[in-house]
Amino acid sequence: MPRKDGESDNEYRSRVIDPISDSFCAAKWLNATIWLGHGGTASCHHPPAHNIDKEEIKTNPSAIHNTRHKKKMRQMMLDGTRPKECEYCWKIEDMEKDSDGNRPVSDRTFKTVIYSDEDIERIATADTSDDVNLKTLEIAFDRTCQFACSYCNPAFSTTWVKDIRNNGGYENIKSDARGHFIDDAPYADPFDKDEENPYVKAFWDWWPELSLELEELRITGGEPTMSDSVWGLFDWFKENADTHPNAKNMRFAINSNLGAKPALIQKLAEATQHVNKFHLYSSGEAVGIQGEYIRDGLDWNQWKQNSVILCREGNIAGFHMMMTINALCLDTITEFLDWVLNMKREFGSQNPRFSVNILRFPSFQSPLTLPDHLRTLYHNELKAWLNGVRDRNEHDQKGQPLVAPWEQEQVTRLIEYLDVVKTPHRNTADRKLLEHDFRVFYEQYDKRRGKDFRKAFPRLVEWYDSLEFTPLEEPEDDIQKPKGHREVEVYAHREVNEDGVVEVKEVRNRTNSAGEVVHGTPSKALKGRKTGESQDDYDDEKYADEPDYKKKRAGSSIGWDPDADGLGGQ
Ligand code: SF4
């Protein structure tokens, strides 16, 4: 067992992780998120995505995960060096104490404890140049999604793409988040429908080997219920349930926004009957009009009903609620957690379990943008909620604690985050800049989406109205123009800097292979664009004597290709 009976997270870390090194995290070896649509990957959802080498996967399909970049980060972790791309965890660990007075526990412990001690010993003693088969994999086939959440962007949602194509890029955003909202991120969908996607091909080439050891395959998106490939995977489980050696053991999970119409939710409930271990992941963090404001496309009542249908009629082994903690959700987060408690009372402590994930990008939507008095208010409300949970100490029908200790620890961590972390992440823009962008973004969001910030968030209105912003004197000419106004296309050249921050370095006209400026969109001329990757900790020369080094630079996971632009993880 990964965790010994009664062992706390800190005890586990001292026993298993610390003896390997001060910066070891099993997620670098055994976990991955892979965006097959455009060929990007990351070890978990905190570090920025980096490119998959299109050449390498022709001969080694496992390189959709075992990239050179990850191998380098693995070596650093074994050496006890902190990869900068994992800043999210170091930030948590560098806080003195959590609100219970304990050494703070970061995700690298939560993402290591899920694997067996044997697997951890195996990877910690293997050569870092070796390829490793994944145990847990999150994969996206495309970006089709009917939602356009405020903290998402066009790289992950076709509804966001529509917003940008119809209305143009968001104007006057000045902080690092600018690059997320100024064009429709065409690099995220670089293949025509009739063109074979080499990353999807590599996935299926690797699948016979991968499926034998994989413990969890989780589909994200876009919205998985809108993807034919996902229904194809449900068919694979139906057809292989009795013949494949691992089909019954493997957890199959989808990250759904649960916003589909009831008929599709019923279809999903039926499809889960053929999967032995089906897990449902969804996201939510605020209720009612506030939830609908943050997660554009959400119908709160429908969403609650869909959750109940799947808990009642689906063959669900686990229901996981991934809360994305942004500035706006804190206003009704305790009401949302109360809804979670009611679900647990009816369907058991597992339905749902919840995790608390603090939003990092776009940084102006982070809780750190809020003024101290609101942070203190939310801090106190959350603390009171957690105290209530601890006082009541409720258990479900099977005698399990309604709120597991690790769930309580996550809330504790958020309470502490709201209290002691007074500054934004390293090298992000200062508070004034974040406030400026918060205001200019939501003013435009309201107009485009037919929403009303002041109506949705009465407790924030006074602060919101006090936020200073500088109106544009001239329309920006370096962002995508609205439909009907695009004479010359422009796109942003983005880079992920050494702090993991996505920056727009340069804005260029879109040109075709002959160097001519492209008119209209979308265009085949954009197909060469690639996602960015973290530049940190690279020593390009290290690979300089490798065959085809120069050819591999573009789009490879070694070094930075100055002609490629990109976008890090959310
Ligand atoms: S960000 Fe944290 S959990 Fe993710 S790979 Fe890095 S150390 Fe592990």
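These notes cover the structure that comes with them. Please read these numbers as outputs of a predicted model, since none were measured by experiment.

The subject of this paragraph is the packing of helix α11 (residues 262–271) against helix α13 (residues 300–313). Helix packing geometry: the angle between the two helix axes and the distance between the axes. Running from N to C, α11 and α13 cross one another at 25 degrees; their axes reach a closest spacing of 10 Å. By the criterion of interaxial angle, the relationship of α11 to α13 is roughly parallel. You can see that α11 and α13 cross each other, and the crossing is right-handed. In this structure, α11 uses P262, I265, Q266, L268 and A269 to contact α13, whose residues at the interface are N306, I309, L310 and E313. Split into classes, the residues belonging to the contact of α11 with α13 amount to six nonpolar, two polar and one charged.

So, about the nonpolar core. Ranked by internal contacts, the top residues of the largest apolar core, which has 62 residues, are A26, L30, L36 and I64. Tallying contributions element by element places helix α9 (residues 198–213) first for this core, with five residues. With residues up to four places along the chain from it excluded, the contact list for L30 reads Y115, D119, I123, V132, L134, K135 and T136.

Here we take up the site of the ligand. Close to the ligand lie 13 residues; C25, C44, H46, C86 and C89 are nearest. For the shell around the ligand, the secondary structure elements donating two or more residues are α2 (27–30), α5 (87–93) and α6 (107–110). In terms of residue class, the shell around the ligand is made up of seven nonpolar, two polar and four charged.

Our next topic: the sheet that holds strand β3 (residues 50–51). Strand pairing in a sheet relies on backbone hydrogen bonds, with the paired strands running either antiparallel or parallel. The strand order β3-β2-β1-β4-β5-β6-β7-β8-β9 describes an open sheet built from nine strands, whose pairing is mixed. For this open sheet the edge positions go to β3 and β9 (353–358), each flanked by a neighbour on one side alone. Bridging between strand β6 (residues 251–255) and strand β7 (residues 277–283) involves five bridges; their strand directions are parallel. Following the sheet pairing, I254 is matched in β7 by L280.

Reading the values: the criteria
Residues numbered from 1 in each chain as written. Predicted model: local features only at pLDDT ≥ 70, side-chain atom pairs only at ≥ 80, totals over all residues. Axes fitted to C-alpha atoms, helices over the stretch in contact; angles between N-to-C directions. Helix = DSSP H or I, 4+ residues; strand = E, 2+ residues; numbered from the N terminus. Parallel < 35°, antiparallel > 145°, perpendicular 65-115°, else oblique. Left-handed = near helix turned anticlockwise from the far one by under 90°. Contact = placed C-beta atoms within 7 Å. Nonpolar A, V, L, I, M, F, W, Y, C, P; charged D, E, K, R; others polar. Core = buried A, V, L, I, M, F, W, Y, C linked by C-beta atoms within 7 Å. Buried ≥ 20, exposed ≤ 12 C-beta atoms within 10 Å, placed from the backbone. Near = placed C-beta within 6 Å. Pairing = 2+ DSSP bridges.

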